[in-house]
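Residue-level listing of the chains:
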Amino acid sequence: MRRTTKYPVSGANSLWQIYKTVSFWKVLKNVIVIQIGRYTPFLAVKNWLYRTFLRMKIGEKTALAFMVMPDIMFPEKIQIGRNCIIGYNTTILAHEYLIDEYRLGDVMIGDEVMIGANSTVLPGVVIGDRAVVAAGTVVHKDVPAGAFVAGNPMQIIYTKEEMERRKDHSHE
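The rules behind these values
Residues numbered from 1 in each chain as written. Predicted model: local features only at pLDDT ≥ 70, side-chain atom pairs only at ≥ 80, totals over all residues. Heavy atoms only, no water. Helix = DSSP H or I, 4+ residues; strand = E, 2+ residues; numbered from the N terminus. Rg over C-alpha atoms; globule rule 2.2 N^0.38 Å. Buried < 20%, exposed > 50% of the residue type's maximum accessible area, 1.4 Å probe, protein only. Contact = heavy atoms within 4.5 Å. Areas by Shrake-Rupley, 256 points an atom, 1.4 Å probe, with all protein chains shown as cover. Lys, Arg positive; Asp, Glu negative; His and termini not counted. Charge placed at Lys NZ, Arg CZ, Asp CG, Glu CD. Axes fitted to C-alpha atoms, helices over the stretch in contact; angles between N-to-C directions. Parallel < 35°, antiparallel > 145°, perpendicular 65-115°, else oblique. Left-handed = near helix turned anticlockwise from the far one by under 90°. Nonpolar A, V, L, I, M, F, W, Y, C, P; charged D, E, K, R; others polar. Polar contact = N/O pair within 3.5 Å; in protein donor to acceptor, adjacent residues only side chain to side chain. Pairing = 2+ DSSP bridges. Arc of directions from axis to C-beta.

Undergrad: Run through the overall build of the protein chain, naming residues and quoting values.
TA: Across its full length, the protein chain carries four helices and 17 strands. Here the C-alpha radius of gyration of the protein chain, 17 Å, is about what a compact globule of 172 residues would show, namely 16 Å. Projected onto its principal axes, the C-alpha positions of the protein chain cover 60 × 35 × 20 Å. Taken over 172 residues, the protein chain has a buried fraction of 42%. Taking the intrachain contacts of the protein chain between residues at least 6 apart in sequence as the baseline, contacts between residues at least 24 apart amount to 37%. For the protein chain, the exposed surface amounts to about 9300 Å²; the carbon and sulfur share of it is 59%. Within the protein chain, the 16 negative side-chain charges are centred at a point lying 6 Å from the centre of the 21 positive side-chain charges.

Shown next as structure tokens:
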């Protein structure tokens, strides 16, 4: 189960009421910073922008590829470890707005994680150290450390132990 906090709303759907939950000025600033970052070809500059203006926690030598889309409303709820690769056009969400409620959840991505292009990481998940997420995956639950996951719905293709056995056999 994802770790999200639910906030009920009444009347219009929760997205219609967005500026009751987050400041318009915060969202505007985040959109501008993220749009600059999405197109910035300099990884160190992108990380500095996101750490400084969005309060994201991003480890050293982590690479957010071209067009990666962090959450525009609550980017401070995203933590990415060191030496990770977040693939092209991946979306990392820390919120979900539904008809009768909205939900917020921290996203924790470990060290040396590789997330393939066009993946979506949903709020409230933890991706363990050295995990590999295949391109196009919807990460809707936690990913164990060292696992290889893929698909929609996401499935574990190999556990850390199975991956290690495969590496051992390939060297024989």
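Now that the structure has been shown, we can carry on.
Undergrad: Can you lay out the packing of helix α2 (residues 24-39) against helix α3 (residues 43-53) for me, pointing to particular residues and giving the numbers?
TA: Between α2 and α3, whose axes approach to 9 Å, the crossing angle comes to 165°. When the axis of α2 is compared with that of α3, the two are roughly antiparallel. Judged by the twist between their axes, the crossing of α2 over α3 is left-handed. Where α2 approaches α3, its residues Lys29, Asn30, Val33, Ile34, Ile36, Gly37 and Arg38 are matched on the opposing element by Lys46, Leu49, Tyr50 and Phe53. Looking at the contact of α2 with α3, its residues break down into six nonpolar, two polar and three charged.

Undergrad: Could you give an account of the side chain of histidine 95, naming the residues involved and the relevant values?
TA: Residue position: histidine 95 is located in strand β8 (residues 95-97). The class for histidine 95 is buried, based on a relative accessible area of 12%. Within the local environment of histidine 95, its side chain forms a polar contact with the side chain of aspartate 71, the two groups lying 2.5 Å apart. Residues in contact with histidine 95, not counting those within four places in the same chain, are Asp71, Met73, Phe74, Arg103, Leu104 and Pro123.

Undergrad: An account of the pairing of strand β9 (residues 101-104) is requested, with residue identities and associated values reported.
TA: Successive residues of a regular strand alternate their side chains across the two faces of the sheet. Here four bridges tie strand β1 (residues 5-8) to β9, and the two strands are oriented antiparallel to one another. By the bridge assignment, lysine 6 is partnered in β9 with arginine 103. Bridge count between β8 and β9: three bridges; the pairing is antiparallel. Directly across from histidine 95, in β9, lies its bridge partner leucine 104. From the end of β8 to the start of β9, which pair antiparallel, there are three residues.

Undergrad: For the sheet that holds strand β17 (residues 155-158), give the residues involved together with the corresponding values.
TA: Sheet architecture is open: six strands sit in the order β3-β6-β11-β14-β16-β17, paired in mixed fashion. Pairing within the sheet leaves two strands with one partner each, and these edge strands are β3 (63-64) and β17. Of the strand pairs in this sheet, β3 and strand β6 (residues 85-86) are connected by two bridges, and their pairing is parallel. Bridge pairing in β6 links leucine 64 to isoleucine 86.

Undergrad: Talk me through α3; I want residue IDs and the actual numbers.
TA: Along α3, the residues that are buried comprise Lys46, Asn47, Leu49 and Tyr50. Angular distribution of buried residues about the axis of α3 spans 160°; they occupy a single face of the element. The secondary structure elements touched by the buried residues of α3 are α2, β2 (57-58), β3 and β4 (69-70). Directly after α3, the chain includes arginine 55, whose backbone phi takes a positive value near 60°.

Undergrad: Give me the lowdown on unusual backbone geometry, citing residues and values where you can.
TA: A cis geometry characterises the amide bond from asparagine 152 onward to proline 153, with omega recorded as 5°. The residue arginine 55 is not glycine, and still its phi comes out positive at about 60°. Within the secondary structure layout, arginine 55 lies in the loop between α3 and β2. Here the phi dihedral of asparagine 89 falls at roughly 60°; this positive angle occurs in a residue that is not glycine.

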